[in-house]
Amino acid sequence: EAAVTQSPRNKVAVTGGKVTLSCNQTNNHNNMYWYRQDTGHGLRLIHYSYGAGSTEKGDIPDGYKASRPSQENFSLILELATPSQTSVYFCASGDAFYEQYFGPGTRLTVL
Amino acid sequence: GDSVTQTEGQVALSEEDFLTIHCNYSASGYPTLFWYVQYPGEGPQLLFRASRDKEKGSSRGFEATYDKGTTSFHLRKASVQESDSAVYYCALSVNTGNYKYVFGAGTRLKVIA
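Keep in mind the model is a prediction, meaning the values are calculated, not measured.

Asker: Looking at this model, I keep getting lost on the environment of Thr 70 of chain B. Mind explaining?
Answerer: All names here are of chain B. Its place among the elements puts Thr 70 in the loop between β8 (62–65) and β9 (75–77). By relative accessible area, which is 45% here, Thr 70 ends up partly exposed. Placed 60 residues apart in sequence, Thr 70 and Gln 10 show a C-alpha to C-alpha distance of 23 Å.

Asker: Help me understand the pairing of strand β7 (residues 56–59) of chain B in this model?
Answerer: For a regular strand, the rule is simple: side chains alternate between the two faces of the sheet. All names here are of chain B. Of the pairings in the sheet, the one linking β7 to β8 comprises four bridges and is antiparallel in character. Residue pairing for β8: Ser 59 is matched across the bridge by Phe 62. The turn linking β7 back onto β8 is made up of two residues, and Arg 60 within it adopts a positive phi angle of 55°.

Asker: What should I look at first to understand the nonpolar core in this one?
Answerer: The nonpolar side chains of soluble globular proteins are, as a tendency, buried together. Residues and elements named next belong to chain B. Ranked by size, the top nonpolar core spans 28 residues in total, and within it Leu 19, Trp 35, Leu 47, Phe 48, Phe 73, Leu 75 and Tyr 88 carry the most contacts. Of all the secondary structure elements, the ones that give two or more residues to this core are β2 (10–14), β3 (19–21), β4 (23–26), β5 (32–38), β6 (45–50), β8, β10 (86–96) and β12 (107–112). Considering every element that reaches this core, the biggest residue donor is β10, with five residues. Those residues in contact with Leu 47, other than ones at most four positions away along the chain, are Trp 35, Tyr 36, Val 37, Ser 59, Arg 60, Phe 62, Leu 75 and Tyr 88.

Asker: Even after reading the chapter, I still don't get the side chain of His 29 of chain A, so can you show me in this structure?
Answerer: Residue and element names in this part refer to chain A. Positionally, His 29 belongs in the loop between β3 (19–25) and β4 (31–38). Among the polar contacts listed, one links the side chain of His 29 to the side chain of Ser 93, at a separation of 2.8 Å. Contacts of His 29, omitting those with residues within four sequence positions, involve Arg 68, Gln 71, Ser 93, Gly 94, Asp 95 and Tyr 101.

Asker: In this structure, what is going on with the state of the cysteines? I would like to understand it.
Answerer: Covalent bonding between the sulfur atoms of two cysteines defines a disulfide. Tallied over the full model, the rule gives two disulfides over all chains. Across the disulfide from Cys 23 of chain A sits Cys 91 of chain A; the S-S distance is 1.9 Å. Between Cys 23 of chain A and Cys 91 of chain A, the disulfide has an S-S torsion of -75° and is therefore left-handed. Taken together, the residues Cys 23 of chain A in strand β3 and Cys 91 of chain A in strand β9 (residues 87–94) connect sequence positions 68 residues apart. The exposure class assigned to Cys 23 of chain A is buried, which follows from its relative accessible area of 2%. Overall, the relative accessible area of 0% leaves Cys 91 of chain A in the buried class. Each sulfur in the disulfide pair Cys 23 of chain B and Cys 90 of chain B lies 1.9 Å from the other. Judged by the sign of its S-S torsion, about -65°, the cystine formed by Cys 23 of chain B and Cys 90 of chain B is left-handed. Here Cys 23 of chain B is found in strand β4, whereas its partner Cys 90 of chain B is found in strand β10, with 67 residues between them in sequence.

Cut-offs applied
- Residues numbered from 1 in each chain as written.
- Chains lettered and ligands numbered in written order.
- Predicted model: local features only at pLDDT ≥ 70, side-chain atom pairs only at ≥ 80, totals over all residues.
- Heavy atoms only, no water.
- Helix = DSSP H or I, 4+ residues; strand = E, 2+ residues; numbered from the N terminus.
- Buried < 20%, exposed > 50% of the residue type's maximum accessible area, 1.4 Å probe, protein only.
- Pairing = 2+ DSSP bridges.
- Core = buried A, V, L, I, M, F, W, Y, C linked by side-chain atoms within 4.5 Å.
- Contact = heavy atoms within 4.5 Å.
- Polar contact = N/O pair within 3.5 Å; in protein donor to acceptor, adjacent residues only side chain to side chain.
- Disulfide = S-S within 2.5 Å.

What follows is the structure, given as structure tokens:
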């Protein structure tokens, strides 16, 4: 069964609204990541975590917060969503230098 | 800083054509290099990796050789199939005190039957 799951898979939000994207992994990996994927930009790192209770800023953290309440769960929070945050978001888990395991993605549209 | 450059944004080929996707990297340490593949509607998945100079990674007919001298890890396949149509990402991980993982911008491959 899938080791990294994301919910919701699709989300439509209004400008200024709060959006929470959730990610769960059963790989028992210490590290988890949030990326956004846009045409022409590939995968861009938003936030990542080394373990429960830790969050670190990635390359494009502005407008996003992250929360890692447990080894298995990592959330991405948009407190005040804007149309520029319309994108496909991927969560991944992994250990140090090795491969990352990605979830199926969440398509977010902010109107 | 650490970076990965994929030269081709899009590649269109016919079945049985030879594929090359160029990947060059810049890293402050000794990186591990990866190729990922992403099929439509899915997340990226590892194709293969290489950890040292001259090591060849391979999977599903794809291969790439780690070349520290030219800082390259070019993806090749001798004969592509329509089912190979996907987005391909080159990536690196490197330990610079805190380890870092960097993806290239991706190359969209379309194979026409």
